[in-house]
Amino acid sequence: MTAWRRQASEWLAAALQLVFPSHCPACGAAVDIPDAWCVDCLRELWRPRRLDLTERNMAHVRRCQVLTDYSGPVRLLLHGLKFQRRRANAAPLAWLAGLADEAELAGLWDNDTLAVPVPVSAGRLAERGYNQVTLIFAGWCRRQGIPWQEDCLSRRRATLPQWELDRRQRAENIKDAFVVNAPETVRGHSVLLVDDIVTTGRTFEECAAALREAGATAVSCLALAN
Ligand SMILES: [Zn+2]
C-alpha cells in the first residue's frame, strides 16, 4: 500500500471511530480500540494457563496452553461464530487471542515451528463458509512469524460435535479422524496446533498423533478457551 493510501485509510478509520465508537463485546462499555474488550472484563476473563497433559492422556502433545474460560461472553461469541454464521464475532475473539504475549507463551514455538489449525469437516466448512480457528488465530500467528499451514490437516470423515457426547463417545468419535495432507510439509518441523476450544483434549491428541506420525518433531497446542 502506498504511503498516501495508508494515511487515507488511517484517517478514515479515525473518522469512523468518531461516528461509531467501539464497545466492549461483553459489557458494552466504550473502548478506544475497535474489537477491544474493556479492562474490567479482561480482568475477569483473561486466564492464560497450561493444561495438565497426564490427566488428559495427551501423550503426543508437548504442551497445551489455553487463554480463557469457555463461559460467559466468550462462549456466546464462539457459539454465534460457529453455529449462527456470525462471522463478525471473530474480530473481538481474534483481538482477545492477540493479547497472548511472548512471555506467557514462551517455549510454545521456535524458529522452525509451523502453525496448523484443527480443521472442520468439508461439509461444515461449506455450510459455515470459514474455519473459525483461522479467523481467530491466523493473524496472530503471522504477527509472531509462525507460518500458517491452512490445509495441512483434514478430517477423514465427518464427526459429531464433541460437546454432544460423553467422554467415552468422544474418544471413539474422533479416533483416527484426521489425516495429514502433505507429510513433507511438516516433516522435521515442530507444530503449533491451534483450536478455538479444548475440553477433554481428544481432538488435539488425535491431530498431534497424526502430525507426529507424519514426521513432526514435536506438537504444542494453543486453544482460545477451555
Ligand atoms: Zn467490558
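1. Things to note about the sheet that holds strand 9 (residues 218-225)
Now for step 1: Taken together, the five strands give an open sheet; going across it, the order is 3-4-9-8-5, and neighbouring strands pair in mixed fashion. Every interior strand has two partners, whereas the edge strands, strand 3 (46-50) and strand 5 (114-117), have only one. Ignoring which end each strand starts from, the neighbouring axes of this sheet average 20 degrees apart.
Now for step 2: Lying on the sheet, helix 6 (residues 132-144) is in contact with strand 5, strand 8 (190-197) and strand 9; it crosses strand 8 at an angle near 135 degrees.
Now for step 3: In the packing of helix 9 (residues 202-213) onto the sheet, the strands contacted are strand 4 (63-68), strand 8 and strand 9, and the crossing angle to strand 8 comes to about 160 degrees.

2. Focus on the pairing of strand 4
Now for step 1: The buried fraction of strand 4 is high, at five of six residues.
Now for step 2: Pairing geometry for strand 3 and strand 4, over three bridges, is antiparallel. The residue bridging Arg49 from the neighbouring strand is Val66, located in strand 4.
Now for step 3: Two elements, strand 4 and strand 9, share five bridges in a ladder whose sense is parallel. Of the residues in strand 9, the one forming a bridge with Cys64 is Cys221.

3. A few points about helix 9
Now for step 1: Taking 1.5 Å as the rise per residue, helix 9 with twelve residues should run 16 Å; its terminal C-alpha atoms sit 16 Å apart, in good agreement.
Now for step 2: Counting buried residues in helix 9 gives nine out of twelve residues, a clear majority hidden from the surface.
Now for step 3: Those residues of helix 9 that sit buried are Arg202, Thr203, Phe204, Glu205, Glu206, Cys207, Ala208, Ala210 and Leu211.
Now for step 4: Within two residues after helix 9, Gly215 carries a phi angle of roughly 110 degrees, on the positive side.

4. Let's talk about the packing of helix 7 (residues 167-174) against helix 9
Now for step 1: At their nearest, the axes of helix 7 and helix 9 sit 10 Å apart, and the two run at 30 degrees to each other. The orientation of helix 7 relative to helix 9 falls into the category roughly parallel. The two elements helix 7 and helix 9 cross, and the hand of that crossing is right-handed. Here helix 7 contributes Arg170, Ala171 and Ile174 to the contact with helix 9, which in turn contributes Arg202, Thr203 and Glu206.
Now for step 2: The class makeup of the residues in the contact of helix 7 with helix 9 is two nonpolar, one polar and three charged.

5. Quick notes on the packing of helix 4 (residues 90-97) against helix 6
Now for step 1: In the contact formed by helix 4 and helix 6, the axes pass within 8 Å of each other and the chain directions differ by 40 degrees. Classified by the angle between their axes, helix 4 and helix 6 sit oblique to one another. Pair helix 4 / helix 6 crosses with right-handed handedness. Here Ala90, Leu93, Ala94 and Ala97 of helix 4 lie close against helix 6, whose contacting residues are Gln132, Leu135, Ile136, Phe137, Gly139 and Trp140.
Now for step 2: Across the contact of helix 4 with helix 6, the residue classes break down as eight nonpolar, two polar and no charged.

Rules used throughout
- Residues numbered from 1 in each chain as written.
- Predicted model: local features only at pLDDT ≥ 70, side-chain atom pairs only at ≥ 80, totals over all residues.
- Pairing = 2+ DSSP bridges.
- Helix = DSSP H or I, 4+ residues; strand = E, 2+ residues; numbered from the N terminus.
- Axes fitted to C-alpha atoms, helices over the stretch in contact; angles between N-to-C directions.
- Contact = placed C-beta atoms within 7 Å.
- Buried ≥ 20, exposed ≤ 12 C-beta atoms within 10 Å, placed from the backbone.
- Expected span 1.5 Å × (residues − 1).
- Parallel < 35°, antiparallel > 145°, perpendicular 65-115°, else oblique.
- Left-handed = near helix turned anticlockwise from the far one by under 90°.
- Nonpolar A, V, L, I, M, F, W, Y, C, P; charged D, E, K, R; others polar.

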